[in-house]
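Fold and contact review
Spelled out, the chains give:
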Amino acid sequence: MNSTCTIHLNDEDILINDFDDTKTFKVSDNTIIGFIPIDGKKGFLGYGTSHCDCVFFDKSDFCFVEFKFNATSAKKVTENRCKAINQLSNTISYFDARLDKNYLDLNLEAYVCTPEFYPRDDATWKSLAIEFLENYGIALFEKTYKICK
């Protein structure tokens with residue numbers, strides 16, 4: 001569904017028309033966040049090695065986010081999830097190397113954003129999330145939102 005997105009920044013409203021609000025990641029209950037677009041034409045790392053779409057952080061958390069909303073078939077659920085996790089892994093490795101794994105004691109989280117028709121918390125997802133946590137020490141969520149502390 002296309003609608004208008006309003007970003008409230010520095011006491012000013014910025015309107016974006018024809019915004020597809022079914023393909024968003026919502027951050028709530030925060031005061032200020034830092035946002036870094038990673039992948040794509042205007043991203044920090046641009047095109048090339050596959051990375052996640054963005055990272056954001058606040059005073060408590062540092063979050064890696066990958067969007068997989070373009071999935072059109074439930075048959076490709078596992079394939080899309082695995083591709084997203086690979087992109088998150090590449091980005092985490094990049095940041096780990098550049099930051100010397102020093103995230104200033106921020107809580108690290110990773111998110112895969114998928115369409116609503118994907119099964120939530122099924123056995124396959126739980127297995128992928130456990131493996132990710134074991135490999136990176138980072139909790140992995142399949143959600144389209146983050147409630148900040």
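Summary of the structure given here. Source: prediction; values computed, not measured.

Looking now at the sheet that holds strand 6 (residues 61-67). An order of 4-5-6-7-8 is seen for the five strands of this open sheet, with the pairing classed as mixed. Every interior strand has two partners, whereas the edge strands, strand 4 (34-37) and strand 8 (139-141), have only one. Direction aside, neighbouring strands of the sheet carry axes that sit 20° apart on average. Packed on one face of the sheet, helix 1 (residues 77-99) meets strand 5 (54-57), strand 6, strand 7 (107-113) and strand 8 and runs near 140° to strand 6. Strand contacts of helix 2 (residues 123-136): strand 7 and strand 8, with the helix running at about 150° to strand 8, the strand carrying the most contacts.

Let us now look at the pairing of strand 5. Sheet topology places strand 4 next to strand 5; four bridges connect them, and they run antiparallel. Opposite Pro 37, over in strand 5, you have Cys 54 as the bridge partner. The sheet contact formed by strand 5 and strand 6 spans four bridges and is antiparallel. Residue pairing across strands places Phe 57 opposite Phe 62, the latter belonging to strand 6.

In contact at an axis separation of 11 Å, helix 1 and helix 2 are set at 15° when each is read in the N-to-C sense. Between helix 1 and helix 2, the interaxial angle falls into the category roughly parallel. Of the two possible hands of crossing, helix 1 and helix 2 adopt the one that is right-handed. Contacts from Thr 78, Arg 81, Cys 82, Ile 85, Leu 88, Ser 89, Ile 92 and Ser 93 in helix 1 reach Thr 124, Trp 125, Leu 128, Phe 132 and Tyr 136 in helix 2.

Further remarks concern the pattern of salt bridges. Side-chain pairs of opposite charge can arise whenever the charged atoms involved come near each other. What the rule picks out here adds up to six salt bridges. For Glu 66, the salt bridge goes to Lys 68, with nearest N and O atoms at 3.1 Å. With respect to burial, Glu 66 and Lys 68 carry one shared label: buried. For Arg 120, the salt bridge identified is with Glu 142, shortest N-O distance 3.6 Å. One end of the pair, Arg 120, is in the loop between strand 7 and helix 2; the other, Glu 142, is in the loop between strand 8 and strand 9 (145-147), and 22 residues separate them in sequence. Overlapping salt bridges, with partners in common, bring together Arg 81, Arg 120, Asp 122 and Glu 142 in one network.

Here is what the cut-offs are and how they apply
Throughout, residues of each chain are indexed from 1 in the direction in which the sequence is written. Totals for whole chains, interfaces and linings use every residue, but because this is a predicted model, local features are given only for residues with pLDDT of at least 70 and side-chain atom pairs only at 80 or more, for both listing and counting. Based on all heavy atoms of the structure, the side-chain values leave hydrogens and waters out of the count. A pair of strands is considered paired only if DSSP assigns at least 2 bridges between the two. Under the scheme used here, helices are H or I runs from DSSP no shorter than 4 residues and strands are E runs no shorter than 2 residues, and both carry numbers assigned from the N terminus. Axis geometry follows a simple rule: fit a line to the C-alpha atoms, using only the stretch in contact for helices, then measure angles between N-to-C directions, giving values from 0 to 180 degrees. Should any heavy atoms of two residues lie within 4.5 Å, those residues are considered in contact. The scheme is simple: roughly parallel for angles under 35 degrees, roughly antiparallel for over 145, roughly perpendicular for 65 to 115, oblique for anything else. For any helix crossing, the convention is left-handed if the near helix is rotated counterclockwise from the far helix by under a right angle, and right-handed if that rotation is clockwise. By convention in these notes, a salt bridge is any Lys or Arg side-chain nitrogen within 4 Å of a carboxyl oxygen on Asp or Glu. Working definition: with a 1.4 Å probe on protein chains only, accessible area under 20% of the residue-type maximum means buried, over 50% means exposed, and in between means partly exposed.

As far as function goes, none of this settles anything; it's purely spatial.
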